[in-house]
Amino acid sequence: MGHLGWTDLWCVLIRPPNKASRLCTETASMRIMVAIKRVIDYAVKIRVKPDKSGVETSNVKMSMNPFCEIALEEALRIKESGRASEVVAVSVGPAQCVDTLRTGLAMGADRAIHVEFPGTLYPLSIAKILKALVDAEKPGLLLLGKQAIDDDCNQTGQMIAGLLKWPQGTFASKVVLDEENKVATVDREVDGGLETLCLDLPAVITTDLRLNQPRYASLPNIMKAKSKVIKKLTPQDLNIEIRSDLEVVQVTDPPKRKAGVILSSVDELIDKLKNEARVL
Amino acid sequence: MASTPVRNKSFSTVNSDDIIYFKKILGEKGVVEEEEKLDDANTDWLRKYKGSSKLMLQPRSTQEVSQILHYCNSRCLAVVPQGGNTGLVGGSIPVFDEVIINLRSMNNILSFDKVSGILVCEAGCILENLISFLDNEGFIMPLDLGAKGSCQIGGNVSTNAGGLRLIRYGSLHGSVLGLEAVLANGTVLDMLGTLRKDNTGYDLKHLFIGSEGSLGIVTKVSILTPPKLSSVNLAFLACKDYTSCQKLLSAAKTKLGEILSAFEFLDINAMDLVLKHLDGLRDPLPSSKHNFYILIETTGSTESHDKEKLEAFLLQSIESGLLTDGVLAQDINQASAFWRIREGIPEALMKAGAVYKYDLSLPPEKMYDLVEEMRGCLGAEANVVAYGHLGDGNLHLNISTRQYDDSILTKIEPFVYEWTSKHRGSISAEHGLGLMKANKIHYSKSLETVQLMADIKKLLDPNGILNPYKVLPTSVLPQRGEEEPKKEA
């Protein structure tokens, strides 16, 4: 009713301005999406099915693909450093994928999406599904493992980057985010050594072994994970038709290594190299 | 060190005629006289004891074992049966110049029945190799211990080895269905049954299970193996005090019931030691220091059912304050990492310097009292480390110092043995008596019982050539050519 006193001014000052804050915390509201795959546990001895149609998966321990675990760990660390606000774990596959997503939630992901499909899936189908999810969720960063330990394809990350027309940093052994300039600096492990790339965000990064050591799922986090949401979708919901361009004809064990022969003299060695191996 | 034995004068010494005979039976390869190989065979795993044998024999069949023993008995040559040489009480190495009979060449798997799970194999089979073989068939061995890469099944049976899974699969007295053993005079006792039930007469195989090679040499074993179940879960947990650990054990037995397959504990000193001395290990609960760590393993056939049960139990335990923190392994690699911490403690103790090792069975509620009393007694002089099979009431009490020191030993012994005896515990839960505790049996067994053991020893091995100076006290065993000790009226 009169002119503004000191207390009125005080109240105005401490109330955070709306639009301005949204602008300068934009990168902090970045969402990271991590694609994870349920595979036969790394430590299990693989057995080929007697009909050679594939490998034995019934009654066998399944776990999160180790490279996917590393990708999720990196996403969590980025979020913990304040550079992202949400980590969403996604998985495509049969009903049991939910178990792997629960592990992801127990590690610290905020929510999860399960695209249920019981049949065989190849990297291109996964990439198309991920594109649909990325279009819907709009993450600033998509993290994947460099490859799955069951098929060793090493294709999904590259394919999705192509479909999205996003830059890609594959085989990452170090990731540094610069939120001000919206770039990611990625060290890649390549045959000749280390290559450093600078990617504009949003980007696709696939993780390699030496990027980090994933955390264990702690009981308090397992408890929290029970109330986190796993959204269920099907490929039809995303308007994707799963088409198999490949057909697995046969799966066999690699040939057994033949036992070496112990020779009794240098003469015998030379004779064998000359007449049997024919290298002399 | 404690009282050292005197070489029994009635034993002969190996001469060149003996070597000729052994070479005839075993071939050149079966007779080892090289110093380097003998050096290893003469020293125990802890590097605490060393014998001075000049001869090691490596038989390839039961027939060869029988011939060697018959000969040694007639010549009165003392022998030490040896397997993987991973024993912790000096029982697998010579004390003086006893002939070492190592069974490593008898390593064949003889048969495996996929329906019953009954495995028949020679005594020299390494435990880890049996585990791998069974893995391919969808089965597991009923015992598992840190020494599996080196220990042989014959040695496991002869020492009634316990290990990490006793809580689930019981002791070898239950899972061994039969065995073949050779007596001191070369007689082959074929008790290699593969029957689950056989009540015909006295079950003599039990004499050889746990008698540490002093009654006969085990040459073949028939063992019942459990099916390999696909769902294995492992939790690494923290408790604030020992009472919580005990309550957790009771709760685990009730709530987890049939799927509980291991319950181990280690205290903060054990954890610190392992993290300090072993490479590539990290603390699963790094956020704070905890006084006690517990490993709980479940094994069952349905992943979802077991995981649900275990999670529910663990969350309830946190809510009721029994646990302060914990992590759950999400894949086999994480589980192996947790096990490496528990299984690596003996190795870490070795690297830390000298260790006084005690393996005791005690009433669970009293177990840690002993540790605390020992700590109070030794103070800054030594690091008292405790860990063990809490689920079986078995404490591994280890006192770690930089060097062996008799003044420290006098503070430990006989205090530890007397304390255990007072609480009607066992001074050797699973390691056996060997050389280390050869004169200590009276702390846990009555005079009459020990006397009957001595009578049985005399019946089966009148010349006393099998693993002498070990297991039973010299006071009850007559030295050949001397008077027998007067028996109680």
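Reading guide: rules and limits
Residues numbered from 1 in each chain as written. Chains lettered and ligands numbered in written order. Predicted model: local features only at pLDDT ≥ 70, side-chain atom pairs only at ≥ 80, totals over all residues. Heavy atoms only, no water. UniProt positions renumbered as here; feature names shortened; annotations may be inferred. Core = buried A, V, L, I, M, F, W, Y, C linked by side-chain atoms within 4.5 Å. Buried < 20%, exposed > 50% of the residue type's maximum accessible area, 1.4 Å probe, protein only. Helix = DSSP H or I, 4+ residues; strand = E, 2+ residues; numbered from the N terminus. Contact = heavy atoms within 4.5 Å. Buried area = accessible area lost by both parts, 1.4 Å probe. Salt bridge = Lys/Arg side-chain N within 4 Å of Asp/Glu carboxyl O. Polar contact = N/O pair within 3.5 Å; in protein donor to acceptor, adjacent residues only side chain to side chain. Nonpolar A, V, L, I, M, F, W, Y, C, P; charged D, E, K, R; others polar. Pairing = 2+ DSSP bridges.

- An unreviewed UniProt entry lists chain B under the name D-2-hydroxyglutarate dehydrogenase, from Sesamum indicum.
- Of the comments in the UniProt record for chain B, the one headed Catalytic activity (unreviewed entry) reads "(R)-2-hydroxyglutarate + A = 2-oxoglutarate + AH2".
- UniProt, in the comment section headed Sequence similarities (unreviewed entry), describes chain B in these words: "Belongs to the FAD-binding oxidoreductase/transferase type 4 family."

- Naming follows an unreviewed UniProt entry, where chain A appears as Electron transfer flavoprotein subunit beta of Sesamum indicum.
- Taken verbatim from the UniProt record of chain A, the Subcellular location (unreviewed entry) comment is "Mitochondrion matrix".
- UniProt annotates chain A under Sequence similarities (unreviewed entry) with the comment "Belongs to the ETF beta-subunit/FixA family."

## Here's the deal with the nonpolar core
Item 1. Ranked by internal contacts, the top residues of the largest apolar core, which has 157 residues, are Leu248(B), Ile294(B), Ile296(B), Tyr358(B), Leu395(B), Leu397(B) and Ile399(B).
Item 2. Examining the composition of this core, we find that 7 residues originate from one element, helix H3 (residues 66–80) of chain A, more than from any other.
Item 3. Excluding residues within four positions of it along the chain, Ile296(B) makes contact with Asn233(B), Leu234(B), Ala235(B), Leu237(B), Leu248(B), Ala252(B), Leu256(B), Leu260(B), Ala262(B), Phe263(B), Leu310(B) and Phe313(B).
Item 4. One finds Leu266(B), Leu273(B), Ala335(B) and Ile341(B) within the second-largest nonpolar core, a separate group that totals 29 residues.

## Some thoughts on the interface of chain B and chain A
Item 1. With 28 residues of chain B at the contact, the number on the chain A side is 22 residues.
Item 2. Across the chain B/chain A interface, buried area totals approximately 2,300 Å², and carbon plus sulfur atoms make up 55% of it.
Item 3. The residue Asp135(B) makes a salt bridge to Lys45(A) at a minimum N-O spacing of 3.7 Å.
Item 4. At the junction of chain B with chain A, the criterion picks out 9 residue pairs in polar contact (both at pLDDT 80 or more).
Item 5. Contributing elements (two or more residues each) for the side of chain B that touches chain A: helix H4 (127–137), strand E10 (231–239), helix H11 (303–319), strand E13 (325–328) and helix H12 (332–343) of chain B.
Item 6. Counting residues per element, the side of chain B that touches chain A draws most heavily on H11(B), which supplies 7 residues.
Item 7. For the side of chain B that touches chain A, the class distribution of residues is 12 nonpolar, 8 polar and 8 charged.
Item 8. As paired strands, strand E11 (residues 217–218) of chain A and E13(B) are joined by 2 bridges and run antiparallel to one another. Within E13(B), the position partnered with Ala217(A) by the bridge is Leu328(B).

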